[in-house]
Amino acid sequence: MTPFAFSQAASGFNAASPVLVGGGTDVTMVYGQPSYAVATLFRPFLWGYLLLGAERGLAFFWDARMLCMMLVGFEFFRLLSKDDGLCALGSLMCTLSPATQWWFAVNGTAELLIFGEGLVLTLHSLLNAETGRGRWGMSAILAWLCGSYLLILYPAWQVPFFWIFLALGIWVCVEWAKRTDGDKRHKQMRSICAPLIVCVAAVVLLLAYVLWYSKDTVAAVMGSVYPGARNERGGGLLQLLPKLTTSIAGPIASASFANVCESATYLALAPLGAILAVKNGLVRKHDGITLALLVPYAVLLWYGFFGFPEILAKLTLLNELPTYRIALPLGFLDAALLVRGVELGAHDKEISETGTCKAVSLWKAAIPAFLLAMLYAMAGRLANPQAMRLSIGVVLFVATFCLAAVLLALEAGNHAAINGVAALVMAVPLLLPGAFVNPVQQGAQALEENVPAQLAQQVSMDEGEGVWATDSYVLSQDLVAHGLPTINSVNTYPHMSLWGKIDPDGQYQDAYNRYAHIEVGAASSASFEVMQSDLIMVHLTADDLKTLGCTYWLATGDVSQANTETAHLEKVAAEGPYTVWKVVSAS
């Protein structure tokens, strides 16, 4: 996403980028980028690029999201707990979870939590607003947050989080109704309706314009092979569990993971939170917010393990949720249930008097700890030797057992100091796996000052500007970050008309009708090869490059096979392993 944002800064923040995929790419929808467009009104963390420039905008994008996640998360967890230590722990577990940090730059993981939690908090404030100005203000914020949430545009996570925040919103409304007398309740409802209707209508009109402007993009995505219109039914979570594990050493050993992002989860001591919440929030007392958390938790678990009938999956929109994406919403619920379960236990006199910290209770806590540690050990991604994997499992079992013991000790007391210390002790191992995923950096030299981009820029100055292709999708992202039009930059949605120029019969449509990272290789004839669902290899000749409008090809290998009788590649510059070839027509 960062190269796209820098390409926008280099090309003037147009809604239709003249750089991505060689030009004419809509940047307001999929992986929404900073642009002077209506959609940007609902993407506040992109405003820094427009106001501060590329580097400072990047700093604002990362830092503002991190800070907002912490602060909004803290306020959200105050709905679940009165203890500041527990609230801080819950906020940090979400902010610094490996699942959040490994996906921090894409797919709206930060925005999902910020806007979703913000919606629950704003609804709570709206219902309790005492003045007309307060109701109008909260209505405007609520409507804007709805628009912002909708424009995250990643249904695989938006849908399950929608049900989570809807359940919490219903709880907020029910609790408000219980606390408010009938006449006062009806009067407040009438005073809320007018500002809420006006604000929601305004946002709906703005979103309608956004969708109208990008209607072709939406149609292209919905009609694509990947991601397309998903029709998932769930199931298979049991088989996926060994892969959905996060190592404490992940940030420093990520190279040994097949895909560290895909395996990242929350470290929330699951299923300890659910056990405590059921025991303290349902068995011992009827706690509404516990029920509001457990209902979507149970639904998502059933969907993950057993699946839904097709009609039910479509009705609930969970057909948009692949099972391998279920770890993030479940992890968030694990963290919330953990905080709520401990909060209820710490303030329950009956529990304190029974002494839940006895050895028998600690062994009960060891069961989920053991299961969690075994999942880590089964992953075995830190090293291949069996002994290393076993030792990691043992260490994690002991550490997790200790944390579970601390939790149950915390449950037995209600002193603020005990709660704070226990939360701090728990925080260290729970937060380390995510805290160091994204190191602190100053400036963007790694992106702006590198050999291939500088070489391409020099060629553009010496030989004239043109459209580029690269043999690597990494190099293509590097070039677009510097404002150089590149046809094989990440295709965030299918560009059928472009690739159809070299595939007039549509033989390879299924290959390029998708979201794709694209690599270009030299060949004697045009063809497309799907390497994985989001990666394709395009084999091209010099004639094909000319047909696609390419002027230059930045490559690291031999390209002689691409030469034909009517067009050939001429070397114009080289540095290190990188060579720039110019597409030249035969004389």
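Residues numbered from 1 in each chain as written. Predicted model: local features only at pLDDT ≥ 70, side-chain atom pairs only at ≥ 80, totals over all residues. Heavy atoms only, no water.

Caption draft 1: Spatial organisation of the nonpolar core. Judged by nonpolar contacts, the single largest core of 86 residues is most densely connected at F76, F161, L168, Y266 and F332. Ignoring sequence-local partners within four residues, the contact set of F76 consists of E117, V120, L121, L168 and F332. Within the second largest apolar cluster, 36 residues are counted, among which are V27, V467, L498 and A567. (Core = buried A, V, L, I, M, F, W, Y, C linked by side-chain atoms within 4.5 Å. Buried < 20%, exposed > 50% of the residue type's maximum accessible area, 1.4 Å probe, protein only. Contact = heavy atoms within 4.5 Å.)

Caption draft 2: Structural context of the pattern of salt bridges. Overall, the coordinates contain seven salt bridges when judged by the stated rule. With a shortest N-O distance of 2.7 Å, R340 and D287 are connected by a salt bridge. With a gap of 53 residues between them, R340 in helix α16 (residues 327-346) and D287 in the loop between α13 (272-283) and α14 (288-305) connect regions that are remote in the sequence. Of the two residues, R340 and D287, neither departs from the other in class, the shared state being buried. (Salt bridge = Lys/Arg side-chain N within 4 Å of Asp/Glu carboxyl O. Helix = DSSP H or I, 4+ residues; strand = E, 2+ residues; numbered from the N terminus.)

Caption draft 3: Examining helix α23 (residues 473-480) more closely. The buried fraction of α23 is high, at six of eight residues. Every buried residue of α23 is accounted for by L475, S476, Q477, D478, L479 and V480. Tucked inside the fold, the buried residues of α23 contact α1 (2-11), α21 (445-448), α22 (451-463), β3 (468-470), β7 (552-555) and β9 (578-585). Its side-chain oxygen 3.1 Å from the backbone nitrogen of V474, S472 forms the N-cap of α23. (Polar contact = N/O pair within 3.5 Å; in protein donor to acceptor, adjacent residues only side chain to side chain.)

Caption draft 4: View of the packing of aromatic side chains. What the rule picks out here adds up to 22 aromatic pairs. Between F115 and W144, the ring centres sit 6.1 Å apart and the planes meet at 80 degrees, which makes this aromatic pair edge-to-face. In this pair, F115 sits in helix α6 (residues 109-127) while W144 sits in helix α7 (residues 132-150), placing the two residues 29 residues apart along the sequence. Under the relative-accessibility criterion, W144 is labelled partly exposed at 26%. Each member of the aromatic cluster is reached from another via a ring pair, and the members are F76, F77, F161, F165 and F332. Lying over the aromatic face of F104, R65 brings its terminal NZ or CZ to 4.3 Å of the ring centre. In this arrangement the basic side chain of K215 is found over the ring face of W212, its NZ or CZ atom lying 4.6 Å from the centre. (Phe/Tyr/Trp six-rings, centres within 6.5 Å; stacked < 30°, edge-to-face > 60°. Lys NZ or Arg CZ within 6 Å of the ring centre and 35° of its normal.)

Caption draft 5: Molecular detail of the packing of α22 against α23. At a minimum axis separation of 9 Å, α22 and α23 run at an interaxial angle of 55 degrees. Our classification of the angle between α22 and α23 gives oblique. In this structure, α22 crosses over α23, and the sense of that crossing is right-handed. Taken together, the residues of α23 that come into contact with α22 (itself represented by P452, A453 and A456) are L475, D478 and L479. For the contact of α22 with α23, the per-class residue count stands at five nonpolar, no polar and one charged. (Axes fitted to C-alpha atoms, helices over the stretch in contact; angles between N-to-C directions. Parallel < 35°, antiparallel > 145°, perpendicular 65-115°, else oblique. Left-handed = near helix turned anticlockwise from the far one by under 90°. Nonpolar A, V, L, I, M, F, W, Y, C, P; charged D, E, K, R; others polar.)

Caption draft 6: Main features of the sheet that holds strand β6 (residues 535-540). The sheet built from three strands is open, its strands ordered β4-β6-β5 with mixed pairing. Each edge of the sheet is formed by a strand with only one pairing partner; in this case those strands are β4 (517-522) and β5 (527-532). Going across the sheet, the axis of each strand differs from the next one's by a mean of 25 degrees, ignoring polarity. In this structure, β4 lies alongside β6, joined through six bridges in parallel fashion. (Pairing = 2+ DSSP bridges.)

Caption draft 7: Quick look at the environment of Y49. With respect to the secondary-structure elements, Y49 resides in helix α2 (residues 47-52). On the basis of relative accessible area, Y49 is assigned to the buried category, the value being 2%. Each C-alpha atom of the pair Y49 and P34 lies 6.5 Å from the other, and the pair is 15 residues apart in sequence. In contact with Y49, not counting residues within four places along its chain, are A5, F6, F13, P34, A54, G57, L58 and F61.

Caption draft 8: Region of interest: the confidence of the model for the chain. Chain-level statistics for the chain give a pLDDT mean of 83 and a share of 82% at 70 or above. Within the model, the stretch residues 351-367 combines pLDDT values under 50 with 26 contacts to residues more than four positions away or in other chains. Counting contacts from residues 373-388, a segment whose pLDDT is below 50, to residues more than four positions away or on other chains yields 31 contacts. (pLDDT = per-residue confidence, 0-100.)

Caption draft 9: Representation of the sheet that holds β9 within the structure. Spatial strand order, β3-β7-β9-β8: four strands in an open sheet with mixed pairing. Across the chains shown, the open sheet's two edge strands, defined by having one partner strand only, are β3 and β8 (567-575). With strand direction ignored, the average angle separating the axes of adjacent strands in the sheet is 25 degrees. In the sheet, β8 pairs with β9 via eight bridges, with the strands oriented antiparallel. Within the sheet, the bridge partner assigned to H568 lies in β9 and is V584. Each of β3, β7, β8 and β9 is contacted by α22, which is oriented at about 120 degrees to β8, the strand it contacts most. Sheet strands in contact with α23 are β3, β7 and β9, and its direction is about 150 degrees off that of β3.

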